[in-house]
Amino acid sequence: MFHVGGARSALYNWATARQQGGTFVLRIEDTDAARNKPEWTDGIISALAAIGIHGGDEAFEGPYFQSANAPLHRAAAEKLYTAGRAYHCDCTREQLAERTGSAQTGYDGHCRDRGLEYAEGRALRFRTPDEGTTVVVDLIRGEPAFPNSAMEDFVIARGDGSPVFLLANVVDDVEQGVTQVIRGEEHLSNTPKQQLLWEALGATPPVWAHLPVIVNEKRQKLSKRRDKVALEDYLAEGYLPEALVNYLMLLGWGPKDDVEIRPYEEIEKLFRVADVNAASAFFDVAKLRSFNGEYIRAMDVAAFTAACAPWLAADRAPWAAEDFDAEAFAVLAPLAQSRIALLSEITEQVDFLFLPEPVQDEASWNKAMKAGAADLLRTARTRLAGAAWQADALKAELEAVAAEHGLKLGKAQAPIRVAVTGRTVGLPLFESMEVLGQERTLARLDAAIAKLG
């Protein structure tokens, strides 16, 4: 599944590339066979397309596959070895722990000057400089400096000769002309190593930008084991892509005029990666939900109706396909549009209309059906039997019922709403009754009266 953090990183890269007339490069780093399946690649491409990043735009390039560059990776490893910038090592972890007294200690450089040739099982290590510092030019974090003496001689090719990700990533970036790398801050610790590899291969390192970590309400880094992090899950729940894009762009950055909800085209023009805050960004689901509600309310009714379609179809809805009435839904759609924050909520708003009987919600029933409810329902049933079946006339009849029982309209509505719709909260009652029709409404009142005894 496509992590929302990855989606945020992709959007920041996309906005930067389009601003500068550059290219967004999608590369699938597929050299780890255990973590590579075609359907996962398809999922990445589909998720990117859902948030507006796709091959139909001239700023998009790819996808490339890292595995296709394997000969270049091996050639780079050989080049570094031949130039004396790397050496072979046959140390095992057990031997290292025995020499250093700790299994956590970094590599001690034991094989640096042993002059080992390649043999099966011997890794290739990069010879890290003994002195000086590696300065990373980072658009968000300034120029963090890493003492070279604190970096171990790290592995760039495994014992079977296959280059590790660190080297493959750099070789691909060099070969594909990457000039800016915008990614999560968890990669910052690898950056000095990658920068040393860029320089050792005779290439100019890119400009870096390491984005702040995204955290939950407990200020813990978002975790797929604990938090909802998959972009696909949010889309499936009824979040609009436009709302997700708007919100994700604000995780670490904000426009100077503080106007947060605005079209992506405006956000793209205003966005500057150098203005991103280095502090952690809180993924506020309540705020995202609020954003989504704003976007839903801003849709024209036709677009809203079309967007609701997946949640009205029989495979998601609780009613039979033949019981759905598109014309009836169209009447209530504008009323529902102003009341939901997620498209998936549309089902509960209108299920009373397409189910043979209203849902059985015991909590709603017990809350509304207090002493005197049966008498009130009988009075309402009698008056409604002869009523003109329009919302205004129905309201007038129920106002009379409320007065007869010494209640305010809101109190009198509660048992009628539950009898008709099954719930205490929903769309405006009188408009709902009008669309439901007199016969079905009276039948539901009769059923509620019978249930009450």
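Here is a short report on the structure shown in this document. These figures come from a predicted structure and were not determined experimentally.

Quick notes on the rules
- Residues numbered from 1 in each chain as written.
- Predicted model: local features only at pLDDT ≥ 70, side-chain atom pairs only at ≥ 80, totals over all residues.
- Heavy atoms only, no water.
- Pairing = 2+ DSSP bridges.
- Helix = DSSP H or I, 4+ residues; strand = E, 2+ residues; numbered from the N terminus.
- Axes fitted to C-alpha atoms, helices over the stretch in contact; angles between N-to-C directions.
- Buried < 20%, exposed > 50% of the residue type's maximum accessible area, 1.4 Å probe, protein only.
- Lys, Arg positive; Asp, Glu negative; His and termini not counted.
- Salt bridge = Lys/Arg side-chain N within 4 Å of Asp/Glu carboxyl O.
- Polar contact = N/O pair within 3.5 Å; in protein donor to acceptor, adjacent residues only side chain to side chain.
- Contact = heavy atoms within 4.5 Å.
- Parallel < 35°, antiparallel > 145°, perpendicular 65-115°, else oblique.
- Nonpolar A, V, L, I, M, F, W, Y, C, P; charged D, E, K, R; others polar.
- Disulfide = S-S within 2.5 Å.
- Phe/Tyr/Trp six-rings, centres within 6.5 Å; stacked < 30°, edge-to-face > 60°.
- Lys NZ or Arg CZ within 6 Å of the ring centre and 35° of its normal.
- Right-handed = clockwise from strand over helix to strand, strands pointing away.

Glancing now at the sheet that holds strand E4 (residues 123-126). Sheet architecture is open: three strands sit in the order E3-E4-E7, paired in antiparallel fashion. Where the open sheet ends on each side, the last strands, each with one partner, are strand E3 (86-89) and strand E7 (155-157). Averaged over all pairs of adjacent strands, the angle between their axes in this sheet comes to 45 degrees, without regard to strand direction. With two bridges connecting them, E4 and E7 associate as antiparallel partners. Considered in E7, the bridge of Leu124 is made with Ala157.

This part takes up the side chain of Arg444. Take Arg444: it is sitting in helix H19 (residues 438-452). Here Arg444 occupies a buried position and makes no salt bridge, while the nearest side chain of opposite charge, Glu357, is found at 4.9 Å. Polar contacts involving the side chain of Arg444 include one to the main-chain carbonyl oxygen of Leu355, which spans 2.9 Å. Contact partners of Arg444, with chain neighbours within four places excluded, come to Phe352, Leu355, Pro356, Glu357, Pro358, Ala419, Val420 and Leu436.

Attention now moves to the packing of helix H16 (residues 391-404) against helix H17 (residues 409-421). It is the contact of H16 with H17, at a shortest axis distance of 9 Å, that shows an interaxial angle of 105 degrees. As judged from the angle between their axes, H16 and H17 are roughly perpendicular. Between H16 and H17, the contacting residues are Lys395, Leu398, Glu399 and Ala402 on the first element and Leu409, Ala412 and Ile416 on the second. Looking at the contact of H16 with H17 residue by residue, the classes come out as five nonpolar, no polar and two charged.

Applying the stated criterion across every chain, the model contains zero disulfides. Left unpaired, Cys111 is separated from the closest cysteine sulfur, that of Cys91, by 3.5 Å.

All told, the structure shown has 13 aromatic pairs when counted by the stated rule. For the pair Phe126 and Phe154, a centre-to-centre distance of 5.2 Å together with 25 degrees between the ring planes defines the contact as stacked. Separated by 28 residues along the polypeptide, Phe126 in strand E4 and Phe154 in the loop between strand E6 (145-147) and E7 bring together distant segments of the chain. Residue Phe126 shares its accessibility class with Phe154, and that shared class is buried. By way of ring pairs, the aromatic residues Tyr234, Tyr239, Tyr247, Phe283 and Phe291 are connected into one cluster. Residue placement shows Lys228 over the ring face of Tyr234; its charged tip is 4.4 Å from the ring centre. The ring of Trp311 has Arg316 lying over it, and the distance from NZ or CZ to the ring centre is 4.6 Å.

Note the cis peptide between Gly62 and Pro63, where omega equals 5 degrees. Among the structural elements, Pro63 can be located in strand E2 (residues 60-65). Within the chain, Arg219 stands out as a residue other than glycine whose phi angle is a positive 65 degrees. Position of Arg219 among the secondary structure elements: in the loop between strand E10 (214-215) and helix H7 (231-237).

Taken across its five residues, strand E8 (residues 180-184) has four buried, putting it largely inside the fold. Where E8 and strand E9 (residues 207-211) come together, five bridges link them in parallel fashion. Each bridged residue has a counterpart across the sheet, and for Ile182 the counterpart in E9 is Ala209. Handedness of the crossover joining E8 and E9 through helix H6 (residues 191-200) is recorded here as right-handed.

By themselves, these are just geometric observations and shouldn't be taken as functional.
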